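Residue strings, one per chain:
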Amino acid sequence: MKRSIAAIASLLLVSAATLSACGNESKTAGEAGDGKGSQPVKKDISILTTEGGSQFVAQAPASEKDKYYNELNKLSGYNVKYELMTWGGGADYKQQLALRFATGDLGDLVMTDSIYSNVHAGAVDQNVFLDLGPLLDKYGPNIKKNIPEVAWKSPRVQKNGKIYGIPILSAAPATRIMFMRGDWLKKLNMEPPKTLDEFLKFAEGVKNNDMNGDGKNNEYALALTDNLGWSDVFSGSFGVRPDAWQMRGGKMEPDMIQPQMKEAIAFYKKLYDNGYIAKDFVTRKQGDRLSEIYKGYFGAYGAAANQYGSFTDVSKYVNQPGAETVMITPPKGPRGEAYFEKQSEQIDFVWVVPAKTKNPEEVIKFLDWVWGHPDAEKFFGFGIKDYNYKEENGKVVFDEKNPANAENVASGFFRKTINPRGASRPIIVKYMPEPDNIMKAYDDAAASVYKHASLGMPQMESLDGRPELDIGLQPGSLFYDTFVKLVVGKEDLDTGFDKFVKEWRSRGGDTAIKEATDWYNAYRK
């Protein structure tokens, strides 16, 4: 990384008492094993992951967290200890994780973005990770069965036919959608925008009216923060995505160096020049975005469909009793394009098992319980029975507004933060407010995915250790810096963009293009 590694923030390390597996007919993961005359099974499993910006982790008392750790240990038969490092938009976690790999201070199970991540460049070839194939074959039938084939084939988890990582899945094949303040649209007598021109009209209306009613001119049409990659909702309207590649003229080239990307940047510059986005957007923290949304500072923002329930909770908005939220697909651009999220393998992150782990078979058994046992399904979907949910006539009764679930967004803790499978699955959608709207949003998100030639492409070796050449809007990269400079007018749009493309190519980009083209011809074509 260009930045020096920051000191590790305070880490949350919660211990739970070791519990013996119950002797009932339905075995826990810890009971499965070779048995006969073997040594006592080591039931302790340490998991190194992130708190992901969780409000529950930050604000809930330790006694509340302990309830969920203890319940998980009771149900699974394992003594699972989570170490939750700070997220900080992703940058903090990467910095801390890089230091952990450098010192070898890792857990039995570690969350990373890919087995090829720059955080631990060369780890696979240096045998830092275990080959998990044999362990999965023997102890992980539920893991193999329930994770889709497209994820298992990803270079993010395998190399040369060997599996070194276990996918942490996203909630659905596509989840990103665009949110807007429905009451602001009504106040401006507008329908949800279907084109960029219509969005600009909405933005002008926001600029000239006190939309949140606080008597100040502090509202913006779009929430844009330092995490530009997540905030970008419009590049797809120009037929490109910052982190995707396409075959063009027989070569694999990244979208970020294409003329269409210059068009997208020009649109963001128009938003900036006209006062439709905050002048200090690059210093606004992604972690503050949610509270600013609830204060009524933003009329539109990108988010996941499953967050609909939070954004429609009027009680969270400050002095805005009439707050309404609608979800829309990205507005169409000059050529009728309207993409949002690039096509994915449905992988959010990846679990790796360090080679020095002393009980890897138990780690896999635990994950197999997570992926296949009914108790795990209920716990990671609904929490603790008779605390977060009840059962009536054999059916789950779950209330999102129950204080046990809503206070500090507790449901996000057991569904996402400590859920080794990944984000909440569709089983819980019907218990959310307005489930039909959420399911429609999932469908709309899937319909607006951007198909690209780089699906499944591994990190290019020519880019290893070269964060300045990163593909996408990663802080510290040439493209990120260029995007900001061009939007705020520190450089001329045309000459500045052309300068970036030339520099990126000359500093190693052309080598990456050749490597990507060779990969495509060998693997995808």
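This text follows the structure it describes.
From a predicted model like this one, the values you see are computed outputs, not experimental measurements.

Calculation criteria
- All residue numbers here refer to positions counted from 1 along the written sequence of the relevant chain.
- Local features are withheld for residues below a pLDDT of 70 in this predicted model, meaning they are given only at 70 or higher, and side-chain atom pairs are given and counted only at 80 or more; totals for whole chains, interfaces and linings count all residues.
- With hydrogens and water set aside, each side-chain value is computed from the structure's full complement of heavy atoms.
- We call a set of buried Ala, Val, Leu, Ile, Met, Phe, Trp, Tyr and Cys residues a nonpolar core when their side-chain atoms join them within 4.5 Å.
- The rule is simple: take the accessible area with a 1.4 Å probe, protein chains only, and divide by the maximum for that residue type; under 20% is buried, over 50% is exposed, in between is partly exposed.
- Counting from the N terminus, the helices are DSSP H or I runs at least four residues long and the strands are E runs at least two residues long.
- When checking whether two residues touch, look at their non-hydrogen atoms; a contact exists if any pair is within 4.5 Å.
- We treat two strands as partners when DSSP finds at least two bridges between them.
- Put simply, a salt bridge is a Lys or Arg side-chain nitrogen that is within 4 Å of an Asp or Glu carboxyl oxygen.
- Two aromatic rings from Phe, Tyr or Trp, using only the six-membered ring of Trp, form a pair when their centres are within 6.5 Å; if the ring planes differ by under 30 degrees the pair is stacked, by over 60 it is edge-to-face, and anything between is tilted.

Colleague: Can you walk me through the nonpolar core in this structure?
Modeller: Most often, soluble globular proteins keep nonpolar side chains buried together rather than apart. Core analysis: the largest hydrophobic core is formed by 97 residues, its most contacted members being Y68, L132, I143, I166, F366 and F379. In terms of residues, this core owes the most to one element, helix α13 (residues 360–372), which gives seven residues. Leaving out residues up to four positions away in the same chain, I166 has contacts with L132, L136, I143, I147, W152, F349, V350, W351, I364 and L367. One finds F202, F340, F483 and W504 within the second-largest nonpolar core, a separate group that totals 61 residues.

Colleague: Could you clarify how one ought to interpret the pairing of strand β3 (residues 79–85) in this entry?
Modeller: Working note: regular strand, side chains alternate between the two faces of the sheet. The buried fraction of β3 amounts to six of the seven residues, a majority that puts the element mostly inside the structure. Bridge analysis of strand β2 (residues 44–50) against β3 gives seven bridges, and the strand direction is parallel. Across the sheet, residue D44 finds its bridge partner in β3, namely N79.

Colleague: What is the right way to read the environment of V80 from this model?
Modeller: Within the element layout of this structure, V80 appears in strand β3. Classification of V80 by relative accessible area gives buried; the value is 0%. In sequence terms V80 and G299 are 219 residues apart; their C-alpha atoms lie 42 Å from each other. Ignoring any residue separated from it by four or fewer positions in sequence, one finds V80 in contact with I45, I47, N73 and F366.

Colleague: It is not clear to me how the pattern of salt bridges should be interpreted in this structure. Could you clarify?
Modeller: Side chains that differ in charge, positive against negative, can pair when their charged atoms come close. Inspection of the entire model under this criterion finds 33 salt bridges. In this structure, R421 and E377 form a salt bridge, with 2.9 Å as the shortest nitrogen-oxygen distance. One end of the pair, R421, is in the loop between α16 (410–417) and α17 (435–447); the other, E377, is in helix α14 (residues 374–382), with 44 residues separating them in the sequence. Owing to a relative accessible area of 4%, R421 belongs among the buried residues under this scheme. One salt bridge connects K440 with D444, and the closest N-O pair in it is separated by 2.8 Å. Of the two residues, K440 and D444 are both situated in helix α17; the distance of four residues between them amounts to about one turn of the helix. Residue classification places K440 among the partly exposed positions, given a relative accessible area of 49%. What you see here is one network of salt bridges that share partners, running through R466, E468, E503 and R507.

Colleague: Whenever I open this one, the packing of aromatic side chains confuses me. Can you help?
Modeller: We describe a pair of aromatic rings using the distance from one ring centre to the other and the angle between the two ring planes. A complete count under the given rule lists 30 aromatic pairs for this structure. Between Y68 and F413 the ring centres are 5.9 Å apart and the planes differ by 65 degrees, which places this aromatic pair in the edge-to-face class. One end of the pair, Y68, is in helix α2 (residues 62–76); the other, F413, is in helix α16, with 345 residues separating them in the sequence. Its relative accessible area of 0% is what places Y68 among the buried residues. The buried category is assigned to F413, whose relative accessible area is 0%. Each member of the aromatic cluster is reached from another via a ring pair, and the members are F199, F202, F234, F238, F267, Y268, F479, F483, F497 and F500.

Colleague: Explain unusual backbone geometry to me, please; I cannot follow it from the model alone.
Modeller: Peptide bonds are trans in most cases, and residues, glycine excluded, mostly fall at negative phi. Positive phi values are uncommon outside glycine, yet N189 reaches one of about 55 degrees. By secondary structure assignment, the location of N189 is in the loop between α7 (182–187) and α8 (196–207). Residue N189 is classed as exposed on the basis of its relative accessible area of 73%. The backbone of N393 shows a phi angle near 55 degrees, a positive value even though the residue is not glycine.

Colleague: Teacher, can you tell me more about the side chain of N142 here?
Modeller: Within the fold, N142 resides in helix α5 (residues 141–146). Judged by relative accessible area, which is 19%, N142 ranks as buried. In this structure N142 touches D368, W371 and G372, once residues within four positions along its chain are discounted.

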